[in-house]
Amino acid sequence: MLRDRIRTLGKPRAWTAAFTVVIAGMAVFASAAQALPSNFWGVVPQVTPNAEQLHRLRRGGVESIRIPVVWSAVQPNRGSVFDWSGVDGQIGAAAKAGLDVLPFLSGAPSWAVHSEFVPGSHNTVKAPSHLPASGNAAAGWTSFLAAAVQRYGPSGTFWAENPTVPKRPIRTWQIWNEENFKYFVTRPNPAEYGKLVKISTPAIKNADPGAKIVLGGMFAQPKEGQGRWKRIKPRPAYFASEFLEQMYKSTPGIGKKFNGIALHPYTYNFPRLAPEIEEVRSVLKRSHDAGKGIWITELGWSSEHPSGEDQFAKGLTGQKAQLEGAFSLLRNGQRKWKIQSVYWFSVDDQPGACNFCGGSGLFGEGFAPKPAWSAYVRFAGGSVE
């Protein structure tokens, strides 16, 4: 699901000191815990969990899982009937385990949008060349969104057809994924994305007026979003703050079309989370939209052995320490930053999916828990077993 995770950092920072302060404060976090929004603690699977695994996640305090709902998988052929069989199983299993689902809707089929090789992928990975925001592609996209809500929303046919499944309708929908980064649209375009959001909102809200719309999780600071890369046309990536600001400027009235933004603040060390969140909060303030919340829909580090080649690799104890520092920072800053949820990437290891996906899981081979899982459980208030 994810690809090149080479991050750009700013000037070196004294993160060790910040780490010490955060960890010292963790001894009293249970007594000082504030009320958090519902579905605050989430996870992102790389491989679909089985029923036993989902129940274990729920016992551990996980409230929500984030999954892709891919248009090209649901409707691979022009004019074909939507095939929800692959999605039904995931949503039904999650509901039986007591978990809510946050879907991100993305992935245009080739009959709607031409795909092309991602720049720099050595002709190994393809993505849509642009977003389905106009013409026949837009008509197909909005039909797909409406059908998804009609299937899984409060009046969804899925719940009527499966009366033994506990009804947990989807009320929050995320539009696309990392729309500011080349791996999910090879030519990121803030104005085009703004247009996509403007056509997506009525398609969803006509089917469920109470639905919440969240922007796709923006990769906070991709390497290709700065320096010489900014002179390449079309741009391969944008920093999240720049992308968001340009979307506001190019799309009048866009603030009325969504309820919150989402961020993927991958950093080498957790103290860098604060300035990356502050950057996008500043954009919201300048855009007269400071009341909007932020969903952290991906966040994580790898338990693989530390090396100079992959600074996201922290080892087992290092991964746990990064999770503890990040979760403490985000929980304590929840009100200030209006954080609505935090999704750890990922549940499981999946070597080859990205440069740190082979160790990003809370569980390793055979679904064996890592030290990071016990730390997650303490924050989420669940049980390790």
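Residues numbered from 1 in each chain as written. Predicted model: local features only at pLDDT ≥ 70, side-chain atom pairs only at ≥ 80, totals over all residues. Heavy atoms only, no water.

Peer 1: Just to check I follow, could you spell out the overall build of the protein chain for this structure?
Peer 2: Assigned secondary structure in the protein chain consists of 13 helices and 10 strands. Sequence-distant contacts, at least 24 apart, represent 73% of the contacts inside the protein chain between residues at least 6 apart. Element-wise, carbon and sulfur atoms account for 53% of the exposed surface of the protein chain, whose accessible area totals about 15500 Å². Where the 44 positive side-chain charges of the protein chain centre and where its 28 negative ones centre are 7 Å apart. (Helix = DSSP H or I, 4+ residues; strand = E, 2+ residues; numbered from the N terminus. Contact = heavy atoms within 4.5 Å. Areas by Shrake-Rupley, 256 points an atom, 1.4 Å probe, with all protein chains shown as cover. Lys, Arg positive; Asp, Glu negative; His and termini not counted. Charge placed at Lys NZ, Arg CZ, Asp CG, Glu CD.)

Peer 1: In this structure, what is going on with the sheet that holds strand 2 (residues 64-70)? I would like to understand it.
Peer 2: Paired through backbone hydrogen bonds, the strands of a sheet run either parallel or antiparallel to each other. In spatial order, the strands read 1-2-3-6-7-8-9-10; together these eight strands close into a barrel with parallel pairing. Across this sheet, the average inter-strand angle for adjacent strands is 30°, counted without regard to direction. Bridge count for strand 6 (residues 172-175) against strand 7 (residues 212-219) is four bridges, and the pairing is parallel. Its bridge partner lying in strand 7, isoleucine 175 is registered against leucine 215. Of the strands in this sheet, strand 7 and strand 8 (260-264) touch helix 9 (residues 240-250), which is tilted by about 135° from strand 7. (Pairing = 2+ DSSP bridges. Axes fitted to C-alpha atoms, helices over the stretch in contact; angles between N-to-C directions.)

Peer 1: How should the pattern of salt bridges be read in this particular structure?
Peer 2: A side chain with one charge can pair with a side chain of the opposite charge if their charged atoms come near. Across all of its chains, the model carries 14 salt bridges by this definition. The partner of arginine 168 in a salt bridge is aspartate 100, and the shortest N-O contact between them spans 3.0 Å. With arginine 168 in the loop between helix 7 (157-161) and strand 6 and aspartate 100 in strand 3 (residues 100-106), the pair connects residues that are 68 residues apart, well separated along the chain. Since its relative accessible area comes to 18%, aspartate 100 is described here as buried. Put simply, glutamate 116 and arginine 187 hold a salt bridge, and the shortest N to O gap is 3.1 Å. (Salt bridge = Lys/Arg side-chain N within 4 Å of Asp/Glu carboxyl O. Buried < 20%, exposed > 50% of the residue type's maximum accessible area, 1.4 Å probe, protein only.)

Peer 1: I keep staring at the packing of aromatic side chains and nothing clicks. Help me out?
Peer 2: For any pair of aromatic rings, geometry is given as the distance between the ring centres together with the angle between the planes. The tally for this structure, following the rule as stated, stands at 30 aromatic pairs. Between tryptophan 373 and tyrosine 376, the ring centres sit 5.7 Å apart and the planes meet at 20°, which makes this aromatic pair stacked. Remark: tyrosine 376 and tryptophan 373 occur in helix 13 (residues 371-380); sequence separation between them is three residues, near one turn of the helix. As far as burial versus exposure is concerned, tryptophan 373 and tyrosine 376 are alike and both buried. The cationic tip of arginine 228 hangs over the ring face of tryptophan 229; the distance from NZ or CZ to the ring centre is 4.4 Å. Sitting above the plane of the phenylalanine 258 ring, lysine 292 keeps its charged end 4.7 Å from the centroid. (Phe/Tyr/Trp six-rings, centres within 6.5 Å; stacked < 30°, edge-to-face > 60°. Lys NZ or Arg CZ within 6 Å of the ring centre and 35° of its normal.)

Peer 1: Please clarify how unusual backbone geometry should be interpreted in this entry.
Peer 2: Note: most residues except glycine have negative phi, and most peptide bonds are trans. Residues lysine 233 and proline 234 are joined by a peptide bond in cis, for which omega reads -5°. Position of proline 234 relative to the elements: it lies in the loop between strand 7 and helix 9. In the Ramachandran plot, glutamate 178 falls in the positive-phi region, its phi being about 45° despite a non-glycine side chain. Residue placement: glutamate 178 occurs in the loop between strand 6 and helix 8 (190-205). A positive phi angle, near 60°, is found at phenylalanine 367, a position not held by glycine. Mapped onto the secondary structure, phenylalanine 367 falls in the loop between strand 10 (339-345) and helix 13.

Peer 1: Would you mind showing me how to read the pairing of strand 2 here?
Peer 2: It is a general feature of regular strands that their side chains alternate between the two faces of the sheet. Burial within strand 2 is extensive, with five of its seven residues counted as buried. Since strand 1 (residues 41-44) and strand 2 lie parallel, the crossover through helix 3 (residues 51-59) that links them has a hand, and here it is right-handed. (Right-handed = clockwise from strand over helix to strand, strands pointing away.)

Peer 1: Can you walk me through the side chain of serine 64 in this structure?
Peer 2: Along the chain, the position of serine 64 falls in strand 2. With a relative accessible area of 2%, serine 64 lands in the buried category. Once residues within four sequence positions are removed from consideration, serine 64 is found in contact with Asn39, Trp41, Gly42, Val43, Leu99, Asp100, Val101, Leu102 and Tyr343.

Peer 1: Sorry, what's going on with the state of the cysteines here?
Peer 2: Note on terminology: disulfide describes a covalent bond linking the sulfur atoms of two cysteines. Taken as a whole, this structure holds one disulfide when the rule is applied. Shown here is the disulfide that connects cysteine 354 with cysteine 357, its sulfur atoms set 2.0 Å apart. For the disulfide bridge between cysteine 354 and cysteine 357, the dihedral angle about the S-S bond is near 105°, and by the sign convention the bridge is right-handed. Look at cysteine 354 and you get buried, because its relative accessible area is 11%. Classification of cysteine 357 by relative accessible area gives buried; the value is 0%. (Disulfide = S-S within 2.5 Å.)

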